[in-house]
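Results of the structural survey
One-letter residues, chain by chain:
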Amino acid sequence: QTLSGEVKDNLETSSAVKVLIDFYGPVSFYLMDQDAAALGNSSSTGENGSFESDFIGKAIKDLSDEEKKEIDPLTYITSTRPLAVWIQAGDADTNVPYTQSKRLAKACSEVYGSDAVYFEVLKGAVHEDDAFYTAANLEALEAFLKENL
């Protein structure tokens with residue numbers, strides 16, 4: 001491989017995405033403050049200096065509707081390929097509202113079918129909670145991967 005991005009190795013291997021795994025990930029940045037408020041939490045992800053705004057390079061609160069659509073992963077969920085989806089979030093997460101994951105699961109279910117999407121809200125789990133990484137949960141995830149890869 002060269003620094004120009006030219007790929008010469010592994011050309012016989014497909015780069016098509018087959019599985020999506022999401023543990024408590026933010027999805028629609030521009031809705032995070034609203035989602036947090038609806039759950040009785042406060043959030044300032046839309047402000048300058050927040051992780052999300054710094055990641056985008058502009059305050060989330062100042063995005064146009066077109067920019068919001070462009071940065072939202074939900075915009076890019078298409079039925080061009082089948083996809084198996086595993087999503088888990090914690091209902092006590094004050095960093096990323098679990099409703100972000102719920103919205104992603106709903107969008108994926110609408111495109112790929114509800115039988116292709118595993119979605120679970122872990123009761124009492126916070127952001128990066130050990131509950132996501134128990135032997136039982138990781139074994140279930142491994143079985144999901146084996147079934148879908």
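On a predicted model such as this, the values are computed, not experimentally measured, just so you know. (Residues numbered from 1 in each chain as written. Predicted model: local features only at pLDDT ≥ 70, side-chain atom pairs only at ≥ 80, totals over all residues. Heavy atoms only, no water.)

Regarding the pairing of strand E2 (residues 84-90)
Note the following rule: Accessible area is worked out with a 1.4 Å probe on protein chains only. A residue is then buried under 20% of its type maximum, exposed over 50%, and partly exposed in between. Secondary structure elements are defined from DSSP: runs of H or I of at least 4 residues count as helices, runs of E of at least 2 residues count as strands, and each element is numbered from the N terminus. For two strands to be treated as a pair, DSSP must find no fewer than two bridges joining them.
E2 sits mainly inside the fold: 7 of its 7 residues count as buried. Residues Ala-84, Trp-86, Gln-88 and Gly-90 of E2 are buried on one face, and the alternating residues Val-85, Ile-87 and Ala-89, pointing to the opposite face, are buried as well. Sheet analysis places strand E1 (residues 19-23) next to E2, joined by 5 bridges and oriented parallel. The residue of E2 that forms the bridge with Phe-23 is Gln-88. Of the strand pairs in this sheet, E2 and strand E3 (residues 117-122) are connected by 6 bridges, and their pairing is parallel.

Some words on the sheet that holds E3
Put simply, the rule is: As a rule, the C-alpha atoms of each element are fitted with a line to give its axis, helices using only the stretch in contact, and angles between N-to-C directions run from 0 to 180 degrees. In this description, contact between two residues means that some pair of their heavy atoms is separated by no more than 4.5 Å.
If you walk across this open sheet you meet the 3 strands as E1-E2-E3, and the pairing is parallel. Sheet topology places E1 and E3 at the edges, where each strand pairs with a single neighbour. The sheet shows a mean angle of 5° between the axes of neighbouring strands, taken without regard to direction. Running over the sheet, helix H5 (residues 135-148) touches E1, E2 and E3 and is turned about 165° from E2.

Some points on the packing of aromatic side chains
For the record, the criterion: Pairs were defined over the aromatic rings of Phe, Tyr and Trp, the Trp ring being its six-membered one, requiring ring centres within 6.5 Å. Orientation was assigned from the angle between planes: stacked under 30 degrees, edge-to-face over 60, tilted for the rest.
If you walk through the whole model with that rule in mind, you get 9 aromatic pairs. Aromatic side chains Phe-29 and Phe-55 sit 6.2 Å apart centroid to centroid with 75° between the ring planes, which places their arrangement in the edge-to-face category. Of this pair, Phe-29 sits in the loop between E1 and helix H1 (32-38) while Phe-55 sits in helix H2 (residues 51-56), placing them 26 residues apart in sequence. Taking the centre distance of 6.0 Å and the plane angle of 20° together, the rings of Phe-51 and Phe-55 count as stacked. With Phe-51 and Phe-55 both in helix H2, this residue pair falls 4 residues apart, about one helical turn. Residue Phe-51 shares its accessibility class with Phe-55, and that shared class is exposed. Members of the aromatic cluster, each reached through a chain of ring pairs, are Phe-23, Tyr-24, Phe-132 and Tyr-133.

With respect to the side chain of Thr-45
Its location among the elements puts Thr-45 in the loop between H1 and H2. Classification of Thr-45 by relative accessible area gives buried; the value is 7%. Discounting residues that sit within four places of it in the chain, Thr-45 has contacts with Phe-29, Met-32, Asp-33, Ser-50, Glu-52, Ser-53 and Ile-60.

A few points about helix H4 (residues 98-112)
Residues lying three or four places apart along an α-helix face the same way, a consequence of the helix completing one turn every 3.6 residues. Put simply, the test is: One less than the residue count of a helix, multiplied by 1.5 Å, gives the span that helix is expected to have.
For H4, spanning 15 residues, the distance from its first C-alpha to its last is 21 Å, which sits close to the expected 21 Å at 1.5 Å a residue. Inspection of H4 places Thr-99, Gln-100, Ser-101, Leu-104, Ala-105, Ala-107, Cys-108 and Tyr-112 among the buried residues, and these make up the whole buried set. On its buried face, H4 sits against E1, H1, E2 and E3. Following H4 by one or two positions, Gly-113 has its phi on the positive side, about 95°.

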